[in-house]
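Residue strings, one per chain:
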Amino acid sequence: MTILIIEDEKKIVDILKIGLKGQRYSVDVAYDGEEGLERALKNDYALILLDIMLPKKDGLAICKELREREIHTPIIMLTARGSEEDRVIGLTAGADDYLIKPFGLNELFARISAVLRRPKKTSSEIIKIADLIMDKKKHEVSRAGVLIPLTPKEYKLLDTLLSNHGEAVKRRKLIDDAWGPDFKETNNELNVHIKYLRNKVDGKTNKTKNKPLIHTIRGVGFVLKEKI
Ligand code: CA
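A short tour of the structure in this document, coming up. (Residues numbered from 1 in each chain as written. Predicted model: local features only at pLDDT ≥ 70, side-chain atom pairs only at ≥ 80, totals over all residues. Heavy atoms only, no water.)

### Side note on the coordination of the calcium ion
In ideal tetrahedral geometry, four donors around a metal make angles of 109.5 degrees, whereas ideal octahedral geometry with six donors gives angles of 90 or 180 degrees. The cut-off we apply is this: For Na, K and Ca the donor cut-off is 3.2 Å, and for all other metals it is 2.8 Å, counting N, O and S atoms only; because water is absent from this set, sites may look incomplete. Here a strand is any run of E in DSSP of at least two residues, a helix any run of H or I of at least four, and the numbering for each starts at the N terminus.
Protein ligation of the calcium ion involves Asp8 (OD), Asp51 (OD) and Met53 (O), the donor distances falling in the range 2.1 to 2.3 Å. Mapped onto the polypeptide sequence, the residues donating to the calcium ion form the spacing pattern D-x42-D-x1-M. Residue Asp8 is found in the loop between strand E1 (2-6) and helix H1 (10-22), and its partner Asp51 is found in strand E3 (residues 47-51); the two are separated by 43 residues along the sequence.

### What about the pairing of strand E5 (residues 97-100)?
Residues in a regular strand point their side chains to alternate faces of the sheet. Cut-off, in case you're wondering: To sort residues, take the accessible area from a 1.4 Å probe on protein chains only and compare it with the maximum for the residue type: under 20% means buried, over 50% means exposed, and anything in between is partly exposed. Between any two strands, at least two bridges found by DSSP are needed for them to pair.
Burial of the side chains of E5 is restricted to one face: Asp97 and Leu99 are buried, whereas none of Tyr98 and Ile100 on the reverse face is. The sheet contact formed by strand E4 (residues 75-79) and E5 spans four bridges and is parallel. Along E5, the bridge assignment pairs Leu78 with Leu99.

### Considerations on the sheet that holds strand E6 (residues 126-129)
Heads up, the rule is: Contact criterion: two residues are considered in contact whenever any of their non-hydrogen atoms come within 4.5 Å of each other. To get an axis, fit a line to the C-alpha atoms, keeping to the stretch in contact for a helix; angles then go from 0 to 180 degrees between the N-to-C directions.
Taken in spatial order, the four strands line up as E6-E7-E8-E9 in an open sheet, and their pairing is antiparallel. This sheet does not close on itself; its edge strands, each paired only once, are E6 and strand E9 (146-147). Relative to strand E7 (residues 132-135), E6 is paired through four bridges, and the arrangement is antiparallel. Considered in E7, the bridge of Lys128 is made with Ile133. Sitting on the sheet, helix H6 (residues 152-163) touches E6, E7 and strand E8 (140-143), and the angle it makes with E7 is about 110 degrees.

### Concerning the environment of Gly59
Positionally, Gly59 belongs in helix H3 (residues 59-68). Those residues within four positions of Gly59 in sequence are excluded, and the remaining contacts are Leu50, Asp51, Ile52, Leu54 and Met77.

### Details of the packing of helix H7 (residues 171-179) against helix H8 (residues 189-201)
We count it as follows: Angles below 35 degrees are treated as roughly parallel, those above 145 as roughly antiparallel, those between 65 and 115 as roughly perpendicular, and all remaining angles as oblique. When residues are sorted by character, Ala, Val, Leu, Ile, Met, Phe, Trp, Tyr, Cys and Pro go into the nonpolar class, Asp, Glu, Lys and Arg into the charged class, and all the rest, Gly among them, into the polar class.
Packing of H7 against H8 leaves a shortest axis separation of 11 Å and a crossing angle of 80 degrees. With respect to their mutual orientation, H7 and H8 come out roughly perpendicular. Only Glu189, Leu190, Asn191 and His193 of H8 make contact with H7, whose side of the interface consists of Arg171, Leu174, Ile175 and Trp179. Classifying every residue of the contact of H7 with H8 gives four nonpolar, two polar and two charged.

### Regarding the pattern of salt bridges
Cut-off, in case you're wondering: Salt bridge criterion: a side-chain nitrogen from Lys or Arg within 4 Å of a carboxyl oxygen from Asp or Glu.
Taken as a whole and assessed by the stated rule, the structure comprises 19 salt bridges. When salt bridges that share partners are traced, they join Glu7, Glu9, Asp51 and Lys101 into one network.

Below you can see the structure in the form of structure tokens.
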């Protein structure tokens, strides 16, 4: 699980880095607001620790922009300011929680686990994993900005995998969603269509670096996730 820290105070970053790594999180850092926003838009983080007072772009603006772009990565605001007003502004901007500096690492870890335990907020219209985006309103799928034409079956299979991303999806669930509960496989249909889908999403027809996202779990089904 990777946490993005957007914070300009190097001392705080160093403490957070050591602490979070000790808790087995991977850590990515941006020292100013613009870089932070760029990273948050490009990568799929488990959580973002976001300072409010930042060079180039402040934390509230970043938070607002991410939410407007339908990116629902949990955000914990880190703020030196502690007034009621700032707290309200932070939460209105779309943050999940906030911590007032100085804070203890144990308190931070507790807040992080609490936020990560909450059900994932995902937009019903747009699902984004790494550079793969499904826009349900437009019925479009793209990877790294390149549109991927899918058949209706492939689209349904991808929809089920994306809606359950990070979790093993059983073969029967995929068949139920794409063909219906009464369907009985006769010619290995699921594997055939998953193969087509993989070729389009992860394979050579895709012009990106082709980091595989769809993985087989032998005897169970499939999972869509960035790293396995
Ligand atoms: Ca700061």
